[in-house]
Amino acid sequence: MTDAVDKATGRARPEFRNIHVTQIAGYRLPLAGIVSILHRISGALLFLVGLPFALYLFQQSLLSEISFDNYRAIVSHWFAKLVLLGLAWAYLHHLCAGIRYLFLDLDIGVDKAASRSSAAVVMAISLTLTFLVALKIFGVF
Amino acid sequence: MTTKRLIVGAHYGLRDWLAQRITAVVMALYTLVLLGWLFALPELTYGTWAGMFASTWMKVLSLLALVALVWHAWVGVRDIFMDYIKPAGLRLLLLTATIVVLVGYALWAVTILWSV
């Protein structure tokens, strides 16, 4: 948002432009907007961290018995567990929000009330599943 | 000579939009297959894990999911750069780096899959 001067009153009036990535924190987004920007952030996270980390772990787990033990050692480190939990959230949010978009693309649930409740469902399911993954990663079950 | 000039490449946007959705469905289905197989394993050891990826059809399925992933990531990352990176030179640099990285990941994944 930038300010343009109103000719009649001389006061600055708000002018709305596309929201830039640096301005996101200053906006109060509706729930669907939060799901949307988290979909983008989780996607970027999966590309930047998830893909190389997953491929590295995949390689270690498959190469040999010795590298499999190495894989086990890496994923039992507390910091790797935190990273994996973050990536698990990113994957689950991206998946759940993505399924919601597929329905929206098919013209299902496009009105305001339905899209708000489906956004709430996405948040509820992805966070619940992330919580279950956290319990699994940190050895509760 | 025609009087109607083609200003933009018609349907290029639609093709990418559609590709992103089809690849998403492929990855979602692969996730289900992988989870189903993982839960079916009696225990997770090197033997059972590597055995799972030793079969040719699992290799092919994984490769299919990986191609879908790379294609999907390309469309998504390109969209992010188009939205936020305005200087043409910097955008070109980032897009080029993205292609190089994604092709590299795909080749890496092939070597991993065919190592068992």
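Residues numbered from 1 in each chain as written. Chains lettered and ligands numbered in written order. Predicted model: local features only at pLDDT ≥ 70, side-chain atom pairs only at ≥ 80, totals over all residues. Heavy atoms only, no water.

## Observations concerning the overall build of chain A
Here is the rule we go by: Numbered from the N terminus, helices here are DSSP runs of H or I no shorter than four residues, and strands are runs of E no shorter than two. Two things to know: the radius of gyration comes from C-alpha atoms, and the globule rule equals 2.2 Å times the number of residues to the power 0.38. Three exposure classes are used, based on accessible area relative to the maximum for each residue type with a 1.4 Å probe and protein chains only: buried under 20%, partly exposed in between, and exposed over 50%. A 1.4 Å probe and the Shrake-Rupley method give the accessible areas. Residues count as covered only by the protein chains that appear here.
If you tally the helices and strands in chain A, you get 4 helices and 2 strands. Taken over the C-alpha trace, chain A has a radius of gyration of 21 Å; the compact-globule value for 141 residues is 14 Å, which it surpasses by more than 25%. Taken over the C-alpha atoms alone, chain A extends approximately 75 × 35 × 25 Å along its principal axes. Burial statistics for chain A: of 141 residues in total, 30% are counted as buried. On chain A, roughly 8,900 Å² of surface is accessible, and the fraction owed to carbon and sulfur atoms is 68%.

## Here's the deal with the packing of aromatic side chains
Threshold: In this analysis, rings of Phe, Tyr and Trp, with Trp reduced to its six-membered ring, are considered paired at centre separations within 6.5 Å, and the interplanar angle assigns stacked below 30 degrees, edge-to-face beyond 60, and tilted for intermediate values.
Per the counting criterion, the structure on display carries 8 aromatic pairs over all chains. The interplanar angle of 80° and the centroid separation of 5.8 Å between the aromatic rings of W78 of chain A and F79 of chain A together place this pair among those described as edge-to-face. On the basis of relative accessibility, which here comes to 56%, the residue W78 of chain A falls in the exposed class. Between the aromatic rings of Y105 of chain B and W108 of chain B, the centroid separation amounts to 6.4 Å while the plane-to-plane angle is 40°, which identifies the pairing as tilted. Taken together, the residues Y105 of chain B and W108 of chain B, both in helix α4 (residues 88-113) and 3 residues apart, mark about one turn of the helix. Judged by relative accessible area, which is 15%, Y105 of chain B ranks as buried. Cluster of aromatic residues (ring-pair linked, three or more members): F58 of chain A together with W49 and F53 of chain B.

## Re the nonpolar core
Side chains that are nonpolar tend, in soluble globular proteins, to be buried together. As a reminder of what qualifies: Put simply, a nonpolar core is a bunch of buried Ala, Val, Leu, Ile, Met, Phe, Trp, Tyr and Cys residues held in one set by side-chain atoms that sit within 4.5 Å of each other. Whether two residues touch is decided by their heavy atoms; if any such pair falls within 4.5 Å, the residues are in contact.
Core analysis: the largest hydrophobic core is formed by 33 residues, its most contacted members being F58 and L62 of chain A together with W49, M52, F53 and L102 of chain B. Looking at this core, the elements that each hand over two or more residues are α1 (31-63), α2 (65-75) and α3 (78-105) of chain A together with α2 (46-54), α3 (56-84) and α4 of chain B. If sequence neighbours within four positions are ignored, L62 of chain A has contacts with Y46, W49, A50, F53, I112 and V116 of chain B. Within the second largest apolar cluster, 7 residues are counted, among which are C96, A97, Y101 and A119 of chain A.

## As for the interface of chain A and chain B
Basically, it comes down to this: Here the quantity called buried area is the accessible surface, traced with a 1.4 Å probe, that two parts lose on coming together, added over both. By definition here, a salt bridge exists when the distance from a side-chain nitrogen of Lys or Arg to a carboxyl oxygen of Asp or Glu is within 4 Å. In protein, a polar contact means a hydrogen-donor-capable atom and an acceptor-capable atom, both N or O and within 3.5 Å, with residues adjacent in sequence counting only if both atoms are side-chain atoms; elsewhere, any N or O pair within 3.5 Å suffices. In this classification, Asp, Glu, Lys and Arg are treated as charged, Ala, Val, Leu, Ile, Met, Phe, Trp, Tyr, Cys and Pro as nonpolar, and every other residue, Gly included, as polar.
Listed per partner, the contact involves 25 residues of chain A and 30 residues of chain B. Between chain A and chain B lies a buried interface of about 2,400 Å² when both sides are counted; carbon and sulfur atoms form 72% of it. When residues of chain A are sorted by the area they lose upon contact with chain B, R40, F47 and L62 of chain A head the list and together hold 28% of the total. Between the two partners, chain A and chain B, sit 2 salt bridges. Of the charged contacts in the structure, one is a salt bridge between D83 of chain B and R40 of chain A, with a shortest N-O distance of 2.8 Å. Linking chain A with chain B are 9 residue pairs in polar contact (both at pLDDT 80 or more). Within the residue set of the side of chain A that touches chain B, elements represented by two or more residues are α1, α2 and α3 of chain A. Among the elements that line the side of chain A that touches chain B, the one with the most residues is α1 of chain A, at 13 residues. Of the residues assigned to the side of chain A that touches chain B, the class counts are 16 nonpolar, 5 polar and 4 charged.

## Some details on a nonpolar patch on the surface
Basically, it comes down to this: Note on patches: the residues involved have over 30% relative accessible area and no salt bridge, like charges join within 9 Å, and the nonpolar side chains Val, Leu, Ile, Met, Phe, Trp and Tyr join within 5 Å.
A contiguous nonpolar patch, built from V121, I125, L129, L132, V140 and F141 of chain A and spanning about 540 Å² of accessible area, is present on the exposed surface. Here L129 of chain A lies in helix α4 (residues 112-137).

## Side note on α4 of chain B
Rules: Here the expected length of a helix is defined as 1.5 Å per residue gap, with one fewer gap than residues.
End to end, α4 of chain B covers 37 Å across 26 residues, agreeing with the expected 38 Å (1.5 Å per residue, within 8%). The inward-facing, buried residues of α4 of chain B abut α1 of chain A together with α2 and α3 of chain B.

## Quick notes on the environment of K136 of chain A
Along the chain, K136 of chain A turns up in helix α4. Expressed as a C-alpha distance, the spacing of K136 of chain A and L85 of chain A, which sit 51 residues apart in the sequence, is 10.0 Å.

## Some words on the confidence of the model for chain A
Selection criterion: The quantity called pLDDT is the predictor's confidence in a given residue, expressed from 0 to 100.
The pLDDT averaged across chain A works out to 90; a share of 92% of its residues lies at or above 70. The secondary-structure element of chain A with the lowest mean pLDDT is strand β1 (residues 2-5) of chain A, recorded at 59, while α3 of chain A shows the highest, at 97.

## Comments concerning the pattern of salt bridges
Residues and elements named next belong to chain B. Across all of its chains, the model carries 5 salt bridges over all chains by this definition. For D16, the salt bridge is made with R78, and the minimal N-O distance between the two is 2.6 Å. Here R78 lies in helix α3 and D16 lies in helix α1 (residues 12-40), a separation of 62 residues in the sequence. Since its relative accessible area comes to 12%, D16 is described here as buried. Residues joined by salt bridges that share partners form a network here, namely R15, D16, R78 and D79.

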